[in-house]
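The residues making up each chain are set out below.
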Amino acid sequence: MKIRFPLFAKLLLWSLLHLIALFVIFGYLLHSQFGSFGSLLLPESARDRVQVMTRRLAGQLENAPFERWGELVRGEGRIQGMEFGLYNGRGEWIAGEERKIPADVFRAAFRRGHRPPEPRSNPEAARPLPPPPPHGGHGPHPESRRGEPRFPTTAFRSEGSYWLVVYLPHGRVFDQFERPVILVGEAGFLGGTPLLFNPRPWLLAGGGALLVSLITWMIMARHLTRPLSEMTRVAGQIAEGCFDVRVREGRMDELGQLAQSINRMARRIAGLLTGQKRFLGDVAHELCAPLARMELALGILEQKASGDDLQRVEDVREELTHMRMLVNELLRFSKASLAQKQISLERVPLAPLVSEAVRREKGREAAVAEIVPEGLVVEADPELLRRALANLVRNALRYAGAEGGIAVEARLDGPRVHIQVRDRGAGVPEEDLEKIFDPFYRVDQSRTAQTGGSGLGLAIVRSCIDSCGGSVTARNLRPRGFEVVITLAGSLPTVRKSGIFAPIQEGIAPFR
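Residues numbered from 1 in each chain as written. Predicted model: local features only at pLDDT ≥ 70, side-chain atom pairs only at ≥ 80, totals over all residues. Heavy atoms only, no water.

J.: Can you lay out the overall build of the chain for me, pointing to particular residues and giving the numbers?
T.: Check the secondary structure of the chain and you find 11 helices and 14 strands. Split into buried and exposed, the 512 residues of the chain put 40% on the buried side. In the chain, the share of contacts with a sequence separation of at least 24, taken over all contacts with a separation of at least 6, comes to 66%. Just so you have it, the chain exposes about 29200 Å², and 57% of that area is on carbon and sulfur atoms. (Helix = DSSP H or I, 4+ residues; strand = E, 2+ residues; numbered from the N terminus. Buried < 20%, exposed > 50% of the residue type's maximum accessible area, 1.4 Å probe, protein only. Contact = heavy atoms within 4.5 Å. Areas by Shrake-Rupley, 256 points an atom, 1.4 Å probe, with all protein chains shown as cover.)

Okay, here's the thing in structure tokens:
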């Protein structure tokens, strides 16, 4: 037995897992980069690298003659990706790269009240401060005997650059200068030196988190939108009158319940419409017998009536004729609606079928143009297609016969054939185009049976074409006219031309 898992719970679970994953990654990177979260430019890992670098450089300076200090400081700067310079406590350059230190960095790093000195025009040729006395090979810094020294370190951002300030330890070599001896480094951008905050891991982490988030929510969105798309498609087909489509069931959440409801709705509507059409057909069939008896009685009465009575009998016969026409229309509509699952489609030559339908409906004076390529065939039931075309031609003749310009045209469009029935009448209001195929719907509700028919003509057309697996649409033409388009599966025969089989396309008029 499947356990019902609501969609809301799924969304909560997915969002919770997503947030947990992001918080774990974010916390791990924060801890590894910042440690105590006390500094941004100098996270814990960078501070450790600064201590190691400073300890190494201080040892090299203590064991090297003063003439090599500049070389050692610049070499360490190249290794660390910064430009290093040594300064005394008054901000006076000692060795390495002589930089113009920004005022805010100078005030924070050196004694208050001193202005940052301007760099010499030629630092290499400039005379440095007096060298320290010869070094006799002192041991490590006294503080290291108790443990590794921690060199005070700070970092700044000023004038578009990043500055690192490290206070070197006291010692015989450094004590000759005005203390403290300060190592100042400058970097043009973050990420170029391992001694400051490196944004690259954070960018990679952010990109990875974004990628994980996108993949996670894409999977979830796909999980939700795929059944919704299927339901939308099925609902659209149901709205078009195709009630045998179904949505896949199997989900145990709200979407699964919605799919089951849509399927039940389709079955229910299909049953109701089928019952309604069968009821109409049964009623129409049952009315045929009494109508026949009434016509027989009227015939007998007509022979015996005279004067005013004869006129009354003629009026009754006219009404009875309209009733028979309505009953016949109901029978045709019912048969066309119920025939979809009972008929088998066949390949029907279109040109002779169109000619027969037009010949049945047009009067002596009416002219209907037929533009159908020879050899064009469609997959349909001949009787249903003939009935649909006859109804369309009849409507065109009834409402636009006086305007002229009625045409039945067919063209091949890939695997589909479009059959157009056009006239030059006034058309129908745009808001009624979707309703004219509904049973008993008439554009002008004031029309009588003599002027507006029963309202079943186009409904029969749609039922016949639906039974043939096609579709039918209507539109108004510009500047004047009305057109109904039937679309069915079809093809043209092929002929051998230059060794290649090609469809016959001669005589096909462009779609207008």
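Structure's up, so let's keep going.
J.: Describe a nonpolar patch on the surface, with residues and values.
T.: There is a patch of nonpolar side chains on the surface, built from Leu11, Trp14, Leu211, Ile215, Trp217 and Ile219 and spanning about 520 Å² of accessible area. Mapped onto the nonpolar patch, the elements with two or more residues apiece are α1 (7–34) and α5 (199–239). Here the element with the most residues in the nonpolar patch is α5; it accounts for four residues. Position of Leu211 among the secondary structure elements: in helix α5. Using a relative accessible area of 49% as the deciding quantity, one classes Leu211 as partly exposed. (Patch = residues over 30% accessible without salt bridge, like charges linked within 9 Å, V, L, I, M, F, W, Y side chains within 5 Å. Salt bridge = Lys/Arg side-chain N within 4 Å of Asp/Glu carboxyl O.)

J.: For the side chain of Glu230, give the residues involved together with the corresponding values.
T.: Considering the arrangement of structural elements, one finds Glu230 in helix α5. If near-sequence neighbours (up to four positions away) are discounted, Glu230 is found in contact with Arg246, Val247 and Arg248.

J.: I'd like a description of the nonpolar core, backed by residues and values.
T.: Judged by nonpolar contacts, the single largest core of 55 residues is most densely connected at Leu350, Leu385, Leu389, Ile419 and Leu488. It is helix α9 (residues 382–400) that contributes the most residues to this core, nine residues altogether. Leu41, Leu72, Tyr162 and Val181 belong to the second largest nonpolar core, which has 30 residues in total. (Core = buried A, V, L, I, M, F, W, Y, C linked by side-chain atoms within 4.5 Å.)

J.: Summarise the packing of helix α8 (residues 350–361) against α9; cite the residues concerned and give the values.
T.: As a packed pair, α8 and α9 sit with axes 9 Å apart at the nearest point and diverge in direction by 45 degrees. Relative to α9, the element α8 lies oblique. With respect to the hand of their crossing, α8 and α9 are arranged in right-handed fashion. Residues Leu350, Leu353, Val354, Glu356, Ala357, Val358, Arg360 and Glu361 of α8 touch α9, and the partners they reach there are Pro382, Leu385, Arg386, Leu389, Ala390, Val393, Arg394 and Leu397. Considered class by class, the residues forming the contact of α8 with α9 number 11 nonpolar, no polar and five charged. (Axes fitted to C-alpha atoms, helices over the stretch in contact; angles between N-to-C directions. Parallel < 35°, antiparallel > 145°, perpendicular 65-115°, else oblique. Left-handed = near helix turned anticlockwise from the far one by under 90°. Nonpolar A, V, L, I, M, F, W, Y, C, P; charged D, E, K, R; others polar.)

J.: Lay out the confidence of the model for the chain in plain terms, naming residues and giving numbers.
T.: Per-chain confidence: the chain averages 76 in pLDDT, with 78% of residues scoring 70 or above. Note that residues 112–147 has pLDDT below 50 and, in this model, 48 contacts with residues that lie over four places away or in other chains. Note on residues 445–451: pLDDT is under 50 here. Beyond four places in sequence and across chains, it has 10 contacts. (pLDDT = per-residue confidence, 0-100.)

J.: With reference to specific residues and values, describe α5.
T.: Here α5 is 41 residues long and its end C-alpha atoms lie 56 Å apart, about the 60 Å a rise of 1.5 Å per residue gives. Along α5, the sharpest change in direction is near 25 degrees and occurs at Thr225; proline Pro227 comes one to four residues later. For α5, the full list of buried residues reads Trp202, Ala205, Ala209, Ser213, Thr216, Met220, Leu224, Pro227, Glu230, Met231, Val234 and Ile238. Looking one or two places after α5, you find Gly241, whose phi comes out positive at around 100 degrees. (Expected span 1.5 Å × (residues − 1). Bend = angle between axes of the 7 residues up to and from the residue.)

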